[in-house]
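Observations on the model geometry
So you can see what is in the structure, the chains are spelled out below.
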There are 2 protein chains.
Amino acid sequence: MGDGALPLKKVKPNAEKRQADEPWKAFQVRHRSMEVKRDAVMKTAAHLFLEHGYQKTSMSLLAARLKVTKPALYYYFRNKEEILVECYRSGIAEIEGSLGRLNPDAGSAMARLKIYVHEYATVVLTHEFGRCVAMIDDSELSAQTRRGVRNLKRKIDASVRSLVADGMLDGSIAMCNPKLVSFAIAGAINWAGTWYKPSGELSSGQIAQAFTDILTGGLRPKSSKTRKRTIPS
Amino acid sequence: MGDGALPLKKVKPNAEKRQADEPWKAFQVRHRSMEVKRDAVMKTAAHLFLEHGYQKTSMSLLAARLKVTKPALYYYFRNKEEILVECYRSGIAEIEGSLGRLNPDAGSAMARLKIYVHEYATVVLTHEFGRCVAMIDDSELSAQTRRGVRNLKRKIDASVRSLVADGMLDGSIAMCNPKLVSFAIAGAINWAGTWYKPSGELSSGQIAQAFTDILTGGLRPKSSKTRKRTIPS
DNA sequence: ATCCTATTCTACCGGCCGTTCAAATAGATA
DNA sequence: TATCTATTTGAACGGCCGGTAGAATAGGAT
């Protein structure tokens, strides 16, 4: 945390790595690609948004954290809202990635659902932009921007629902309302984002596993063709 | 709706009932018990908080909805925060009521847990103050007030955990981490508060039932009925 | 050394916020 | 009717916000 004066003009070779932990260093050098600095802004903003909430995070504070002045931010983003939207986009892309990686040919739908729930929890607990998707209410956004973001979220929801529906067809998941199942999963995990602390006694992996069990355990068919040695009632 | 000029000075006999739907009528008459007007403020505030968020709900807007001017509110509450805190208190009391009504002598812990989950969902979906507890982030509060509110919430959480622990003892609930179960339940249901619309296709009762099934289904012991055995070493 | 332009800064705007206080008012009381 | 007090109001406060205009500057290119 020692923020001693650094009169450096040239970046050191390991600056790229440093930037991961101290995003403001991206601004130490004047000429650097737009993308790098946008990333630095987003990353810092995400942390502040998650810590204090979107509304209570002022552009001045964000600028201060990046060791720049406020107007500099407006060189990289049109306004505060755009920063949040980009955080959302990034987080949603991450989650969609998890969904896309599920191989439809491998295992039952239930097996795939379990993998997804586990991955979703991991992203929401450990990935800053994933956390934004889970925790920051999109009602902070203007009407039309919100519509865009919600469409993206809806796509994820739709994928999960169809996963559940598939499971009901292949017998790996009990009869249920896929919409409500999808919401229950999203809710329980998103909520975990609000209380999980990396320094806490439970690791993100433990939480992801436990939630996978709790949330998919209730979906086991009570008796079905794909059972492996179930108890005769 | 039609807010025509109402030069009434006296309330009509059915005013008490009307006030339920139109809280501002509590302020139509100057001399009325403090409690009635405080309730009116809280009720209206809760609706606004839930609709626009706490931060974005201004005291001016709240006053306007109650057809009073801003300073009048400060006659009934010290500040904005106190209004939110009272909403919390009321909601938490409602939830604690549900927990208190569970008869420890009747049925298994699992049966009681199911009842509680159902009731919690109902409160969070239908009761305005319950919704506040579920939806409004208490980080909006000042540090010391927040501590008080969190203590109250923790009591609820502790009750649910011990309910789950009881279930593991009486064999009605499978081995699990009570803390995570409690969080999963709270999360899934609190989240429902964010998307549930009374006018939607799903009734609060349907949602409460489905969530009870999904969330407690995964807790069924995998083998055997009620066995009084403790943890098999 | 000079220029050029991408980047950052200084200084400021209008607006809304929560809150306060003294003055006005309504309505119960006598 | 006149009085007294619980309620309500008008007017204003300091403060911080998101955002902008335009000047300053750094640093690569020549």
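The structure contained in this document is the topic of the report that follows. All figures in this text were calculated on a predicted structure; none of them were measured in a lab.

What to know about the relation of the copies chain B and chain A
When chain B is fitted to chain A, the best match, at an RMSD of 0.0 Å, comes from turning it 180° and sliding it 0.0 Å along the axis. Within this description, the copies of the chain are treated as partners about a two-fold rotation axis. Here 96% of the contact residues of chain B are again contact residues in chain A; the copies associate through an equivalent surface.

A few points about the protein's contact with DNA strand D
Lining the immediate surroundings of DNA strand D are 19 residues, of which Arg30 and Lys70 of chain A together with Arg30, Tyr75 and Tyr76 of chain B lie closest. One nitrogen or oxygen atom from the main chain of Thr57 of chain A is found 3.4 Å from a phosphate oxygen belonging to DNA strand D. Contacts to DNA strand D include Thr69 of chain B, whose side-chain N or O atom sits 2.8 Å from a phosphate oxygen. Residue assignment for the surface near DNA strand D shows that the elements contributing at least two residues are α4 (70–76) of chain A together with α4 (70–76) of chain B.

Thoughts on the protein's contact with DNA strand C
With respect to spatial proximity, 19 residues lie near DNA strand C, and among them Arg30, Thr69, Tyr75 and Tyr76 of chain A together with Arg30 of chain B are the closest. The sugar-phosphate portion of DNA strand C accounts for 59% of its atoms within 4 Å of the protein, the bases making up the rest. In this structure, a phosphate oxygen belonging to DNA strand C sits 2.8 Å away from a side-chain N or O atom of Lys37 of chain A. Only α4 of chain A together with α4 of chain B provide two or more residues apiece to the surface near DNA strand C.

What to know about the interface of chain B and chain A
Taken together, the 28 residues of chain B in the interface contact 28 residues of chain A. With both chains or domains summed, chain B and chain A bury close to 2,600 Å², and 68% of this area falls on carbon and sulfur atoms. The largest contributions to the chain B side of the interface with chain A come from Leu180, Trp191 and Ile214 of chain B, which together make up 24% of the buried area. For the pair chain B and chain A, the interface holds two salt bridges. Between Glu201 of chain B and Lys179 of chain A there is a salt bridge whose closest N-O contact spans 3.0 Å. Counting across the chain B and chain A interface gives four residue pairs in polar contact (both at pLDDT 80 or more). Listed by contribution, the elements that provide at least two residues to the side of chain B that touches chain A are α9 (178–195) and α10 (204–217) of chain B. The residue inventory of the side of chain B that touches chain A, partitioned by class, reads 14 nonpolar, eight polar and six charged.

As for the pattern of salt bridges
Residues and elements named next belong to chain A. Following the criterion strictly, the structure yields 15 salt bridges over all chains and no others. A salt bridge links Glu96 to Lys155; its shortest N-O distance comes to 3.3 Å. On the criterion of sequence distance, the pair formed by Glu96 in helix α5 (residues 80–100) and Lys155 in helix α8 (residues 143–170) is long-range, its members being 59 residues apart. Three or more residues joined by partner-sharing salt bridges are found here, namely Arg38, Arg78 and Glu82.

Quick notes on the side chain of Thr57 of chain B
If you trace the backbone, Thr57 of chain B turns up in the loop between α2 (34–52) and α3 (59–65). Those residues in contact with Thr57 of chain B, other than ones at most four positions away along the chain, are Leu48, Phe49, His52 and Lys80 of chain B.

So, the environment of Ala134 of chain B
The residue Ala134 of chain B is located in helix α7 (residues 128–135) in this model. Counting along the chain gives 81 residues from Ala134 of chain B to Gly53 of chain B, while the straight-line C-alpha distance between them is 13 Å. Contacts of Ala134 of chain B, omitting those with residues within four sequence positions, involve Trp191 of chain A together with Val124 and Asn190 of chain B.

Notes on the packing of helix α6 (residues 109–126) of chain A against helix α7 (residues 128–135) of chain A
Residue and element names in this part refer to chain A. α7 packs onto α6 with a crossing angle of 100° between their chain directions and a minimal axis gap of 5 Å. Between α6 and α7, the interaxial angle falls into the category roughly perpendicular. Contact residues: α6 offers Val123, Val124, Leu125 and Thr126, while α7 offers Glu128, Gly130, Arg131 and Ala134. Grouping the amino acids of the contact of α6 with α7 by side-chain chemistry returns four nonpolar, two polar and two charged.

Reading guide: rules and limits
Residues numbered from 1 in each chain as written. Chains lettered and ligands numbered in written order. Predicted model: local features only at pLDDT ≥ 70, side-chain atom pairs only at ≥ 80, totals over all residues. Heavy atoms only, no water. Least-squares fit on C-alpha atoms with pLDDT ≥ 70 in both. Contact = heavy atoms within 4.5 Å. Near = heavy atom within 4 Å. Polar contact = N/O pair within 3.5 Å; in protein donor to acceptor, adjacent residues only side chain to side chain. Helix = DSSP H or I, 4+ residues; strand = E, 2+ residues; numbered from the N terminus. Buried area = accessible area lost by both parts, 1.4 Å probe. Salt bridge = Lys/Arg side-chain N within 4 Å of Asp/Glu carboxyl O. Nonpolar A, V, L, I, M, F, W, Y, C, P; charged D, E, K, R; others polar. Axes fitted to C-alpha atoms, helices over the stretch in contact; angles between N-to-C directions. Parallel < 35°, antiparallel > 145°, perpendicular 65-115°, else oblique.

Functional significance is not addressed by these values, which are geometric in nature.
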